[in-house]
Amino acid sequence: MTGWFSRLVVSMTIRMPKWFVGWVSRRYVAGNTIEDAIKVMQRLSKEDACFTVDVLGEEISTMAEAQYFYDEYSRLIEAIISNNIDSDLSIKPTAFGLLIDRDKGYQNIKNLVAMANDHGMFVRLDMEDHRVTQATIDVVVDLHKEGLTNVGTVYQGRLFRTLDDIDYLENKLGPAADYRICKGIYLEPEDIAHSGYHEIVSATNASIDKMLAAGAYCAIASHDKPVINHALSALESHGMGPNIEDPRKNAGKPRKGKGPGYEFQMLLGVRGPLRRKLAAKGHKTRVYVPYGEKWYEYSIRRLQENPTVGAQVAKAFLMPWTNRP
Ligand code: FDA
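The paragraphs below set out a description of the structure included in this document. Model, not experiment: these values are computed from the prediction.

### Some thoughts on the layout of surface pockets
By volume, the second largest pocket amounts to about 370 Å³. Around the second largest pocket, the lining is made up of 18 residues, and of these Arg248, Ala251, Lys253, Pro254 and Arg255 lie nearest the centre. Of the residues that constitute the lining of the second largest pocket, the class distribution is 8 nonpolar, 3 polar and 7 charged.

Here is the structure:
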């Protein structure tokens, strides 16, 4: 469902009162506070899920704003540990200042990753738009060089550069490379990215194949059956699956909270039955849990950036059987 209908849904949604957008977002956003996120995770833990938590917000305009994210994530680490929740963190590098002042942004991210490392917690650098692709990859490489190996990033199947980027990280990090692979939410220019559904699915599947062949840890982040089914058969052909010890050579000691070389990831509120089915078969499944005061700005920006999200949300409400939380 793309094109005029998606754009219509988006143009209607952004004119709706804030309470209405809030009501719609309730399903996709855990709430305003850390306590809200903890409650959601406690509930979903009963479905054998583990988590990655995102404090909503992204590109900032002054370095002072980065302090909010640093402080909030620091409190979040403590809350996750004190509530004994199986969760890691997802952060947006631009929210830490990467696009304003590279060195200070890097230092902020490093301090947080070091704090998480003290608790054996992994940190995922979400991938934002193409302006920060290389900068984000460079942060991961530099942190590993400094001995902080509890960090990885996200590759976007839709970008032409992704297959080369997999080679790049394999050369730099070997089996310590730890990816989330997704289609990519940002509608990028046509000279750097695929734009058709089928091209994006095949490019994402090709990336999954390459990551597995490279021996990297692979977190498959998709709700789309052609991607999930492809991943399931690719895993099988690499001798990977539920209750099978991580077969990757030189993968090192398994990190706390990780699956046997792979896991599946889905967004809060999206395709719960499919996630529960994967979990029931023994696959490690992780739910991406966004929360925070900036939920309104975040929801509106996401809708404007990629109108297909608006259409999916509308479909989930009009045809609830297609997407149960
Ligand atoms: P697709 O969009 O085709 O969705 C398949 C089906 O899932 C839809 O038909 C619909 O039923 C359902 N669905 C999907 N999204 C829905 C929604 N919002 N509401 C209701 N139903 C929905 N992107 C990025 O650029 N950088 C990143 O760091 C991340 N991180 C990330 C983490 C995790 C855990 C996930 C699952 C996704 C991301 N993404 C991301 C987003 C990703 O790139 C992509 O845009 C979305 O996952 C949608 O792609 P699908 O593969 O799910 O397929």
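### Examining the pattern of salt bridges
Applying the stated rule across the entire model yields 20 salt bridges. For the salt bridge of Arg180 with Asp126, the shortest nitrogen-to-oxygen distance reads 2.8 Å. In this pair, Arg180 is assigned in strand β5 (residues 178–182) and Asp126 in the loop between β3 (123–125) and α6 (133–145), connecting sequence segments 54 residues apart. Arg180 gets classed as buried once you look at its relative accessible area, which sits at 6%. The exposure class assigned to Asp126 is buried, which follows from its relative accessible area of 4%. The structure contains a network of salt bridges with shared partners spanning Asp54, Lys92, Asp126 and Arg180.

### Focus: the side chain of Thr153
If you trace the backbone, Thr153 turns up in strand β4 (residues 151–156). Look past the residues within four positions of Thr153 in its chain and what remains in contact with it is Arg124, Leu125, Met127, Thr136, Val140, Asp178, Tyr179 and Arg180.

### With respect to the site of the ligand
Near the ligand lie 24 residues; those nearest to it are Lys183, Gly184, Ser222, His223 and Gln312. For the ligand, an oxygen atom lies 2.8 Å from a polar atom in the side chain of Lys183. Relative to its free-state accessible area of 930 Å², the ligand is covered by the protein chains to the extent of 89%. For the shell around the ligand, the elements supplying multiple residues, two or more each, are β4, β5, β7 (262–267) and α12 (307–318). Broken down by element, the shell around the ligand gets its largest block of residues, 3 residues, from β7. Here the shell around the ligand is built from residues that sort into 11 nonpolar, 7 polar and 6 charged.

### Looking at helix α3 (residues 34–45)
Because each turn of an α-helix spans 3.6 residues, side chains separated by three or four positions end up pointing in the same direction. Over its 12 residues, α3 runs 16 Å from end to end, which matches the ideal 16 Å to within 8%, given 1.5 Å per residue. Among the structural elements, β1 (49–55), α4 (63–82), β2 (87–91), α10 (272–280) and β8 (285–291) are those in contact with the buried residues of α3.

### Remarks on the pairing of β8
A large share of β8 lies buried, amounting to 7 of its 7 residues. Residues Thr285, Val287, Val289 and Tyr291 line one face of β8 and the alternating positions Arg286, Tyr288 and Pro290 line the opposite face, and both faces are buried. The pairing of β1 with β8 spans 7 bridges and is classified as parallel. Its bridge partner being in β8, Cys50 is matched across the sheet by Arg286. Here 4 bridges tie β7 to β8, and the two strands are oriented parallel to one another. Each bridged residue has a counterpart across the sheet, and for Met266 the counterpart in β8 is Val287. In this fold, the crossover linking β7 to β8 by way of α10 has right-handed handedness.

### Observations regarding the nonpolar core
The biggest cluster of nonpolar side chains holds 74 residues, and the ones touching the most others in it are Tyr73, Leu76, Leu89, Phe96 and Ile220. Here this core gets 8 residues from one element, more than from any other, and that element is α4. In this structure, Val21, Val29, Trp295 and Tyr298 belong to the second largest nonpolar core, which totals 6 residues.

### A short note on the state of the cysteines
By the definition in use, this model includes 0 disulfides. The thiol of Cys50 is unpaired, and the distance to the nearest cysteine sulfur, on Cys218, comes to 15 Å. Take Cys182: it sits in no disulfide, and the sulfur closest to it among the cysteines is that of Cys218, at 11 Å.

### Notes on the packing of helix α8 (residues 197–213) against helix α9 (residues 225–237)
One can describe the packing of α8 onto α9 by two numbers: an axis separation of 10 Å at closest approach and a directional angle of 25°. Relative to α9, α8 is oriented roughly parallel. Seen along the crossing, α8 lies across α9 with a hand that is right-handed. Residue-level inspection shows Tyr197, Val201, Thr204, Asn205, Ile208, Asp209 and Leu212 of α8 in contact with α9, the latter providing Pro226, Val227, His230, Ala231, Ala234 and Leu235. Broken down by class, the residue content of the contact of α8 with α9 amounts to 9 nonpolar, 3 polar and 1 charged.

### Describing the sheet that holds β8
The 8 strands are arranged β1-β2-β3-β4-β5-β6-β7-β8 in a closed barrel whose pairing can be described as parallel. Averaged over all pairs of adjacent strands, the angle between strand axes in this sheet comes to 30°, irrespective of strand direction. Against the sheet, α9 contacts β6 (217–221) and β7, and its axis sits at roughly 170° relative to β7.

### Examining a nonpolar patch on the surface
Together, Trp19, Trp23, Phe317, Leu318, Met319 and Trp321 make up a nonpolar patch on the protein surface, roughly 750 Å² of accessible area in all. Among the elements of the structure, α2 (18–25) and α12 are those that each provide at least two residues to the nonpolar patch. With respect to the helices, strands and loops of the structure, Trp23 is situated in helix α2.

Rules used in this analysis
- Residues numbered from 1 in each chain as written.
- Predicted model: local features only at pLDDT ≥ 70, side-chain atom pairs only at ≥ 80, totals over all residues.
- Heavy atoms only, no water.
- 1 Å grid on protein atoms, 1.4 Å probe; cavity = no way out; pocket = protein on both sides within 12 Å on 5 of 7 lines; lining within 4 Å.
- Points joined across faces, edges and corners; volume = space filled by probe spheres on them.
- Nonpolar A, V, L, I, M, F, W, Y, C, P; charged D, E, K, R; others polar.
- Salt bridge = Lys/Arg side-chain N within 4 Å of Asp/Glu carboxyl O.
- Helix = DSSP H or I, 4+ residues; strand = E, 2+ residues; numbered from the N terminus.
- Buried < 20%, exposed > 50% of the residue type's maximum accessible area, 1.4 Å probe, protein only.
- Contact = heavy atoms within 4.5 Å.
- Near = heavy atom within 4 Å.
- Polar contact = N/O pair within 3.5 Å; in protein donor to acceptor, adjacent residues only side chain to side chain.
- Areas by Shrake-Rupley, 256 points an atom, 1.4 Å probe, with all protein chains shown as cover.
- Expected span 1.5 Å × (residues − 1).
- Pairing = 2+ DSSP bridges.
- Right-handed = clockwise from strand over helix to strand, strands pointing away.
- Core = buried A, V, L, I, M, F, W, Y, C linked by side-chain atoms within 4.5 Å.
- Disulfide = S-S within 2.5 Å.
- Axes fitted to C-alpha atoms, helices over the stretch in contact; angles between N-to-C directions.
- Parallel < 35°, antiparallel > 145°, perpendicular 65-115°, else oblique.
- Left-handed = near helix turned anticlockwise from the far one by under 90°.
- Patch = residues over 30% accessible without salt bridge, like charges linked within 9 Å, V, L, I, M, F, W, Y side chains within 5 Å.

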